[in-house]
Amino acid sequence: AQSVTQPDIHITVSEGASLELRCNYSYGATPYLFWYVQSPGQGLQLLLKYFSGDTLVQGIKGFEAEFKRSQSSFNLRKPSVHWSDAAEYFCAVGAPGLSFGAGTTVTVRA
Amino acid sequence: GAVVSQHPSRVICKSGTSVKIECRSLDFQATTMFWYRQFPKQSLMLMATSNEGSKATYEQGVEKDKFLINHASLTLSTLTVTSAHPEDSSFYICSARDLGVSYNEQFFGPGTRLTVL
């Protein structure tokens, strides 16, 4: 069975500071991993994905994530957060039907 | 890019009535569509996988007679919530897979908020 754990329910970060969101997964084979962002009233937007190859994945909006098989992790990072990054972030695993983590709410303070 | 639409975006209905939600892939053919449910402040839960021209596959615990899914064409899947009750109130999100782009990637619709009074 596949599952995803996002340990942090809520993170508050200052604008301009770095951000890291944690994601741990359980999957029986080579995982297909995704990070999505959901803003209030908006649909899910794909930030980045990992299927194979280079374990450091670059995404949109300046986000990146690193796949670490030994730790079953796929953490999302951004070096400098903007106020517009305030949103709900979901890590997901699987293919084709996805299992989502519980989500992490990111608040950005001025 | 691949665009998925949902209609309606928001619906309010009385308890006991049925509600139909449409999911369309606008610029690609989707052989597979997925339906998810999201409770307030919670994650998305996969309800069912819908394949064009065949019966949907439901996840464990999802009542197939309650949530009727039809995928009659390569661009349209519908979810009908039958005899809706207040506990069915939720945010329903569909996604579609474009085999021409990627087997493993899916594109999400904006969601439909259902409120059952």
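For the structure, check the block above.
Residues numbered from 1 in each chain as written. Chains lettered and ligands numbered in written order. Predicted model: local features only at pLDDT ≥ 70, side-chain atom pairs only at ≥ 80, totals over all residues. Heavy atoms only, no water.

A. Representation of the overall build of chain A in the model. Secondary structure summary: chain A contains 0 helices and 12 strands in total. When the helices and strands of chain A are listed from N to C terminus, the series reads β-β-β-β-β-β-β-β-β-β-β-β. Taking 2.2 N^0.38 as the reference for a compact globule, 110 residues should give roughly 13 Å; the C-alpha atoms of chain A span a radius of gyration of 13 Å, in line with that estimate. Principal-axis analysis of the C-alpha atoms places the extent of chain A at approximately 40 × 30 × 20 Å. Counting only residues that meet the buried cut, chain A has 46% of its 110 residues in that class. At a minimum sequence separation of 6, the contacts of chain A that also span at least 24 residues come to 54%. When the accessible area of chain A is evaluated, it comes to approximately 5100 Å², of which 48% is carbon and sulfur surface. (Helix = DSSP H or I, 4+ residues; strand = E, 2+ residues; numbered from the N terminus. Rg over C-alpha atoms; globule rule 2.2 N^0.38 Å. Buried < 20%, exposed > 50% of the residue type's maximum accessible area, 1.4 Å probe, protein only. Contact = heavy atoms within 4.5 Å. Areas by Shrake-Rupley, 256 points an atom, 1.4 Å probe, with all protein chains shown as cover.)

B. Quick look at the interface of chain B and chain A. Of the residues lining the interface, 18 residues belong to chain B; the matching set on chain A comes to 17 residues. Of all residues in chain B, Asn104, Glu105 and Phe108 of chain B bury the most surface against chain A, accounting for 38% of the area lost on that side. One can count 1 salt bridge joining chain B with chain A. Note that glutamate 105 of chain B and lysine 49 of chain A form a salt bridge whose closest N and O atoms lie 3.2 Å from each other. Run the count over chain B and chain A and you get 4 residue pairs in polar contact (both at pLDDT 80 or more). Taken together, the residues that form the side of chain B that touches chain A break down as 9 nonpolar, 7 polar and 2 charged. (Buried area = accessible area lost by both parts, 1.4 Å probe. Salt bridge = Lys/Arg side-chain N within 4 Å of Asp/Glu carboxyl O. Polar contact = N/O pair within 3.5 Å; in protein donor to acceptor, adjacent residues only side chain to side chain. Nonpolar A, V, L, I, M, F, W, Y, C, P; charged D, E, K, R; others polar.)

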